[in-house]
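# Descriptive structure summary
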Amino acid sequence: LVWQKYNCQACHQLYGLGGYLGPDLTNIYSKKGKGEAYIKAIISSGTKQMPSFNLQASEKKQLLDFLKMANASGIADPRNFKTQMNGMIQSK
């Protein structure tokens, strides 16, 4: 819900889907040189392109938990799927 509340998908992707201003965050936890400490620092202070959203401690924890679950789910490249007429996807 925090991901949606702050419209993170406008700039970031999960599984290659979303905006392109920021990086895909699907596997940010396991990416070399990144991880939880890196994510906390970026969320707390922002960057040149990403504002600091002044998240509450509970929101930070929820967002970190969400990104950790996304990381654990593996990877998915939307180019490897085709969209069916009903909006569902299947492997090509």
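Cut-offs used in this document
Residues numbered from 1 in each chain as written. Predicted model: local features only at pLDDT ≥ 70, side-chain atom pairs only at ≥ 80, totals over all residues. Heavy atoms only, no water. Helix = DSSP H or I, 4+ residues; strand = E, 2+ residues; numbered from the N terminus. Polar contact = N/O pair within 3.5 Å; in protein donor to acceptor, adjacent residues only side chain to side chain. Contact = heavy atoms within 4.5 Å. Buried < 20%, exposed > 50% of the residue type's maximum accessible area, 1.4 Å probe, protein only. pLDDT = per-residue confidence, 0-100.

Moving on to the side chain of T26. Counting through the fold element by element, T26 comes out in the loop between β2 (17-18) and α2 (36-45). Side chain to side chain, T26 and D24 meet in a polar contact 2.5 Å long. When neighbours within four sequence positions are excluded, T26 is seen to be in contact with Q13, L14, Y15, G16, L67, A70, N71 and G74.

Tracing the backbone through its elements, the reader meets R79 in the loop between α3 (57-72) and β3 (81-83). The exposure class of R79 is exposed, given its relative accessible area of 64%. Separated by twelve residues in sequence, R79 and S91 have C-alpha atoms that sit 9.3 Å apart.

Residues of the chain with pLDDT of at least 70 account for 98%, and the chain-wide mean is 90. Taken element by element, the chain is modelled with least confidence in strand β4 (residues 89-91), mean pLDDT 75, and with most confidence in α3, mean pLDDT 96.

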